[in-house]
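An overview of the molecular structure
Here's the letter readout for the chains.
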Amino acid sequence: PAVLRALVRGQGISMAPAPLVFYVMVRHALMQREIHDRQLADYRRSLDAFERARRLHDSLDALADKGLLLIDTAGAYLELNLYAEALAAYQKAHDVLRHTGMVHDRARALWGIGSTLIARSEFEEAETALAEAADLFAAADNAPLLSGVMLEQAALQEARGDHGAAVVTARLALDLVSGKD
């Protein structure tokens, strides 16, 4: 307390090393909140923790950017009817994005996987990918993209020859974004 009072009054603060000032101030703030962990006030450890967090953040940003680029690349392949390349890029994007916590973009990759598999007439695998994408969009409460996946599911049902189910699914997708229940 005496050191803290001296620092607060500005006595000797310019001569005190930054780690000491940091420790005393943070330790005092923690004690006021009844947190008695000396390590939290350790200047060097705090800086190291922030640096580790920054590196992790930068690494995740790079992964996220890679995943988004792969989604865009896969979309271009799909438009060119290069299904094997599109599928590989969407699957790689999904794998990369799984580690970033970017659920929305991971769902977009799954949607692309489903679309590509429909184009290749691999309906069972497409159904699985689209169902997972729909679950992720539903959990994120993203009605517009959930509706888009549902329309893709309707296209899958139509491709399988189940016209009735396709119409019902398409209507549900429309109702989802038009506010009807």
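Here, the structure is the one placed above.
Residues numbered from 1 in each chain as written. Predicted model: local features only at pLDDT ≥ 70, side-chain atom pairs only at ≥ 80, totals over all residues. Heavy atoms only, no water.

On to the packing of aromatic side chains. Each aromatic ring pair is summarised here by two numbers: the centre-to-centre distance and the angle between the ring planes. Applying the stated criterion to the full structure yields one aromatic pair. On the basis of an interplanar angle of 85° and a centroid distance of 6.2 Å, the ring pair of Trp111 and Phe137 is categorised as edge-to-face. Here Trp111 is found in helix α5 (residues 103-119), whereas its partner Phe137 is found in helix α6 (residues 123-139), with 26 residues between them in sequence. Classification of Phe137 as buried rests on a relative accessible area of 0%. (Phe/Tyr/Trp six-rings, centres within 6.5 Å; stacked < 30°, edge-to-face > 60°. Helix = DSSP H or I, 4+ residues; strand = E, 2+ residues; numbered from the N terminus. Buried < 20%, exposed > 50% of the residue type's maximum accessible area, 1.4 Å probe, protein only.)

Take the pattern of salt bridges next. Here the structure, examined in full by the defined rule, presents five salt bridges. Among the salt bridges present, the one from Arg98 reaches Asp95, with a minimum N-O distance of 3.9 Å. With Arg98 and Asp95 both in helix α4 (residues 83-98) and three residues apart, the pair spans about one turn of that helix. Exposure remark for Asp95: the relative accessible area of 38% places this residue in the partly exposed category. With its nearest N and O atoms 3.3 Å apart, the salt bridge here joins Glu132 to Arg106. With Glu132 in helix α6 and Arg106 in helix α5, this residue pair connects regions lying 26 residues apart in the sequence. Given the relative accessible area of 31%, Glu132 is considered partly exposed. Taking relative accessible area as the criterion, Arg106 reaches 17% and is therefore assigned buried. (Salt bridge = Lys/Arg side-chain N within 4 Å of Asp/Glu carboxyl O.)

Right, let's get into α5. Relative to the 24 Å expected for 17 residues at 1.5 Å per residue, α5 spans 24 Å between its end C-alpha atoms, a close match to the ideal helical length. When you tally the buried positions in α5, you get 13 out of 17 residues, the bulk of the element. Of the residues flanking the end of α5, it is Ser121, one or two places downstream, whose phi is positive at about 60°. (Expected span 1.5 Å × (residues − 1).)

This next bit is on a nonpolar patch on the surface. Side chains of Leu174, Leu176 and Val177 sit close together on the surface and give an oily, nonpolar patch of about 250 Å² of accessible area. Here Leu174 shows up in helix α8 (residues 163-178). (Patch = residues over 30% accessible without salt bridge, like charges linked within 9 Å, V, L, I, M, F, W, Y side chains within 5 Å. Areas by Shrake-Rupley, 256 points an atom, 1.4 Å probe, with all protein chains shown as cover.)

Close contact between α5 and α6 brings their axes to 8 Å; oriented N to C, the two are set at 160°. Classified by the angle between their axes, α5 and α6 sit roughly antiparallel to one another. Note on packing geometry: the crossing formed by α5 with α6 is left-handed. Along the contact surface, α5 presents Val103, His104, Arg106, Ala107, Arg108, Leu110, Trp111, Ile113, Gly114, Ser115, Leu117 and Ile118, while α6 presents Phe123, Glu125, Ala126, Ala129, Leu130, Glu132, Ala133, Leu136 and Phe137. Residues belonging to the contact of α5 with α6 are distributed by class as follows: 14 nonpolar, three polar and four charged. (Axes fitted to C-alpha atoms, helices over the stretch in contact; angles between N-to-C directions. Parallel < 35°, antiparallel > 145°, perpendicular 65-115°, else oblique. Left-handed = near helix turned anticlockwise from the far one by under 90°. Contact = heavy atoms within 4.5 Å. Nonpolar A, V, L, I, M, F, W, Y, C, P; charged D, E, K, R; others polar.)

Attention now moves to helix α7 (residues 143-159). Under the 1.5 Å per step criterion, the end-to-end length of α7 is 24 Å for 17 residues, consistent within 8% with the ideal 24 Å. When α7 is considered as a whole, its buried residues turn out to be Leu146, Ser147, Gly148, Val149, Met150, Gln153, Ala154 and Leu156. Buried residues along α7 sit in contact with α5, α6 and α8. A side-chain oxygen of the first residue of α7 lies 3.2 Å from the backbone nitrogen of Leu145; this N-cap is Asn142. Phi turns positive, to about 90°, at Gly161, one or two residues after α7. (Polar contact = N/O pair within 3.5 Å; in protein donor to acceptor, adjacent residues only side chain to side chain.)

What follows deals with the nonpolar core. In terms of nonpolar packing, the biggest core is built from 30 residues, with Ile113 and Val149 touching the most fellow members. When contributions to this core are tallied by element, the ones reaching two or more residues are α3 (43-79), α4, α5, α6 and α7. In this view, Val149 contacts Trp111, Leu130, Ala133, Ala134 and Phe137; residues no more than four positions away in its chain are not counted. (Core = buried A, V, L, I, M, F, W, Y, C linked by side-chain atoms within 4.5 Å.)

Locating Arg160 in the fold gives a position in the loop between α7 and α8. For Arg160 and Ile118, which are 42 residues apart along the polypeptide, the C-alpha to C-alpha distance reads 9.8 Å. Here Phe123 takes part through its backbone oxygen, which lies 3.4 Å from a polar atom of the side chain of Arg160.

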